[in-house]
Amino acid sequence: MSANDHGPQGADHVEIVEVGPRDGLQNESTVLSVDDRIRLIDRAVAAGVRRIEAVSFVNPKRVPQMAGAEEIMSGVRREPGVSHIGLVLNRRGLERAVAAGVSEVNVAVPATDGFCTRNQGCTVDEMLDALADIDTELQGTGIPLSVTVSTAFGCPFDGEVPAGQVVEVVNRITDTSAVEIALADTIGVGVPREASELLRAVGAVADGRALRCHFHNTRNTGYANAMAAVDAGVRVLDSSLGGFGGCPFAPAATGNIATEDLLYMLHRSGLHTGVSLSGAAELGAWMGERLDKQPPAYLGRAGGFPA
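If you're wondering where the values come from, they're calculated on a predicted model, not measured in any experiment.

Colleague: How should the layout of surface pockets be read in this particular structure?
Modeller: The gaps left among the atoms become clear once a water-sized probe is rolled over them. The calculated volume of the largest pocket comes to roughly 600 Å³. In terms of lining residues, the largest pocket is bounded by 36 residues, among which Val58, Leu87, Leu89, Asn119 and Gln120 are the most central. In the lining of the largest pocket, the residues fall into 14 nonpolar, 13 polar and 9 charged.

Colleague: Looking at this model, I keep getting lost on helix H9 (residues 222-231). Mind explaining?
Modeller: Every α-helix winds through 3.6 residues per turn, so residues three or four apart in the chain are directed the same way. With 8 of 10 residues buried, H9 is to be regarded as a mostly interior element. Inspection of H9 places Gly222, Tyr223, Asn225, Ala226, Met227, Ala228, Ala229 and Val230 among the buried residues, and these make up the whole buried set. Of the surrounding secondary structure, the elements contacted by the buried residues of H9 are strand E6 (180-185), helix H8 (192-203), strand E7 (210-215), strand E8 (236-239) and helix H10 (259-268). After H9 finishes, the residue Gly233 shows a positive phi value of roughly 105°.

Colleague: Please explain the side chain of Arg212 as it appears in this structure.
Modeller: Mapped onto the secondary structure, Arg212 falls in strand E7. Given a relative accessible area of 3%, Arg212 falls into the buried group. Of the polar contacts made by the side chain of Arg212, one reaches the side chain of Asp238; its length is 2.7 Å.

Colleague: Help me out: how do you make sense of the pattern of salt bridges in this one?
Modeller: Two side chains that carry opposite charge are able to pair once their charged atoms sit near each other. Under the criterion given, the structure shown has 21 salt bridges. A salt bridge links Asp23 to Arg22, with the shortest nitrogen-to-oxygen separation between them at 3.9 Å. Judged by relative accessible area, Asp23 falls into the buried class, the value being 5%. For the salt bridge of Asp129 with Arg172, the shortest nitrogen-to-oxygen distance reads 3.4 Å. With Asp129 in helix H6 (residues 124-138) and Arg172 in helix H7 (residues 163-173), the pair connects residues that are 43 residues apart, well separated along the chain. Judged by relative accessible area, Asp129 falls into the partly exposed class, the value being 48%. Here the salt bridges do not stand alone but share partners, grouping Glu15, Arg51, Glu104, Glu180, Arg212 and Asp238 into one network.

Colleague: Would you explain the nonpolar core in this entry?
Modeller: Within soluble globular proteins, side chains that are nonpolar tend to cluster in buried spots. Residues Val105, Val149, Val166 and Leu237 are the most contacted members of the largest nonpolar core, which totals 95 residues. When near neighbours in sequence (up to four residues on either side) are disregarded, Val149 contacts Val109, Ala111, Val166, Val169, Val170, Ile173, Ile181, Ala182, Leu183 and Ala184.

Colleague: Even after reading the chapter, I still don't get the pairing of strand E3 (residues 83-88), so can you show me in this structure?
Modeller: Two faces, one strand: in a regular strand the side chains alternate between the faces of the sheet. Counting buried positions along E3 gives 6 out of 6 residues, so the element sits mostly inside the fold. By the alternation rule, side chains of E3 split into Ser83, Ile85 and Leu87 and His84, Gly86 and Val88, which are all buried. Here strand E2 (residues 51-56) pairs with E3 via 5 bridges, running parallel. Following the sheet pairing, Arg51 is matched in E3 by Ser83. On the question of chirality, the crossover connecting E2 to the parallel E3 by way of helix H3 (residues 69-75) is right-handed. When E3 meets strand E4 (residues 104-108), the two strands line up parallel, connected through 4 bridges. Looking across to E4, one finds that Gly86 is bridged to Val105. Handedness of the β-α-β unit built from E3, helix H4 (residues 91-100) and E4 comes out right-handed.

Colleague: Teacher, can you tell me more about the state of the cysteines here?
Modeller: What is meant by a disulfide is a covalent connection between two cysteines, made through their sulfur atoms. Going through the model one piece at a time under the given rule, you end up with 0 disulfides. Cysteine Cys155 shares no disulfide, and the gap to the nearest cysteine sulfur, in Cys116, comes to 9.9 Å. Residue classification places Cys155 among the buried residues on the basis of a relative accessible area of 6%.

Colleague: Help me understand H10 in this model?
Modeller: With 7 of 10 residues buried, H10 lies mostly within the body of the structure. Listing the buried residues of H10 in full gives Thr259, Glu260, Asp261, Leu262, Leu263, Leu266 and His267. Looking one or two residues beyond H10, the residue adopting positive phi is Gly270, at roughly 85°.

Colleague: I tried to follow the packing of aromatic side chains on my own but got confused; where do I start?
Modeller: The description of an aromatic ring pair rests on the distance of the ring centres and on the angle between the ring planes. The tally for this structure, following the rule as stated, stands at 1 aromatic pair. The ring of Phe157 is capped by Arg118, whose NZ or CZ atom sits 4.0 Å from the centre of that ring. The ring of Tyr298 has Arg301 sitting right over it, with the charged end atom 4.7 Å from the ring centre.

Colleague: What is the right way to look at the packing of H7 against H8 in this model?
Modeller: The description of two packed helices rests on the angle between their axes and on the distance between the axes. Contact geometry for H7 and H8: axes closest at 9 Å, N-to-C directions at 35°. Once H7 is placed against H8, the crossing between them reads as right-handed. On H8, the residues touching Ala163, Val166, Val167 and Val170 of H7 are Leu198, Ala201 and Val202. Its residues assigned to classes, the contact of H7 with H8 shows 7 nonpolar, no polar and no charged.

Rules and cut-offs
Residues numbered from 1 in each chain as written. Predicted model: local features only at pLDDT ≥ 70, side-chain atom pairs only at ≥ 80, totals over all residues. Heavy atoms only, no water. 1 Å grid on protein atoms, 1.4 Å probe; cavity = no way out; pocket = protein on both sides within 12 Å on 5 of 7 lines; lining within 4 Å. Points joined across faces, edges and corners; volume = space filled by probe spheres on them. Nonpolar A, V, L, I, M, F, W, Y, C, P; charged D, E, K, R; others polar. Buried < 20%, exposed > 50% of the residue type's maximum accessible area, 1.4 Å probe, protein only. Helix = DSSP H or I, 4+ residues; strand = E, 2+ residues; numbered from the N terminus. Contact = heavy atoms within 4.5 Å. Polar contact = N/O pair within 3.5 Å; in protein donor to acceptor, adjacent residues only side chain to side chain. Salt bridge = Lys/Arg side-chain N within 4 Å of Asp/Glu carboxyl O. Core = buried A, V, L, I, M, F, W, Y, C linked by side-chain atoms within 4.5 Å. Pairing = 2+ DSSP bridges. Right-handed = clockwise from strand over helix to strand, strands pointing away. Disulfide = S-S within 2.5 Å. Phe/Tyr/Trp six-rings, centres within 6.5 Å; stacked < 30°, edge-to-face > 60°. Lys NZ or Arg CZ within 6 Å of the ring centre and 35° of its normal. Axes fitted to C-alpha atoms, helices over the stretch in contact; angles between N-to-C directions. Left-handed = near helix turned anticlockwise from the far one by under 90°.

Written out as C-alpha cells, the structure is:
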C-alpha cells in the first residue's frame, strides 16, 4: 500500500458514497446472502468508506436482491463517523428504515413520468408528494434526508430530459429538509458538457444544498462525467465496487462507475478521498467471485500505477 493509497494528504477532498451493496447488487441474477452483504459493507468501511448505501426498504417481491434489510442493519458494525444509508420510496419504507436504525434516508425521485410509473408505480408529482410526506415523518428523528433525482440526463421511456424539467423537480425538493440533492444518470446517456450545464442550472435553484452525482458507465462516459462534475465543484460522488450495478426497471442499464477506477482517476488528479485504492480493488474482485462474473472495473485487472 503506497502513501497515496487514500489520495494525496492535504489535497482537496472528494467524498465517495459507496452504492455497491444496494445499487450494485439490485440488478444481479445472483442474490448474495445477508452475511455476504454485511461482510461487503463492513469491509468497505474498513477500506475508508464513510457513507455507504447499505440497504433498500422496498418490496422484496419486486427486488428480491434487496431482501433482508433489517437483518443487515442489525448485523453491520457501527462506527463513529460512518453513515449507513437506507433507500426508501414511501412511508412504509421509511417506518422500516427508522426502526432498523439507518443513519441517513435517501429518497429517489425520477425526473420523468415514464420511469417513475414503471419503477415506483406513480407519477413524478405523486412521488414528490410522497417525498413531502416522508420529510414530515422524519422530523424529530435526527435522521438526515437526501434526495436522488433519477433519469436526470435521459429516460429509457420518455427519451431526452430537458434541463428545465430537472430544475422543476429540484425546486420542489428544496421545499423539504433535504440536505443533499443527487443528480443520477440512471441509464448512462450523459456527456461531460451536459453534466456541467445541468449542474450549473440545478445549482442556481438548490438553495445552498450540497450536490452529489451518480453516474453509470453504460456508454463509456461515466468517468468523464464524474471529472466534469468535480471540475464544476461537486465534491460528493456515488460509485460501486467492481463497477457492478443497474436498475431492474431500466432496459439495458449497466453498471455504475467502479469505485476503484474512480479512486485511481481522482487520486492521480491530486484529489484525496480517504478510501483505499488497493482495498477497493480487492473488494471489487471479491464481489466478482461471489457473483461469479468478471467485474466491469479495470483497476483490479491492470493494477495501480506506479506498481
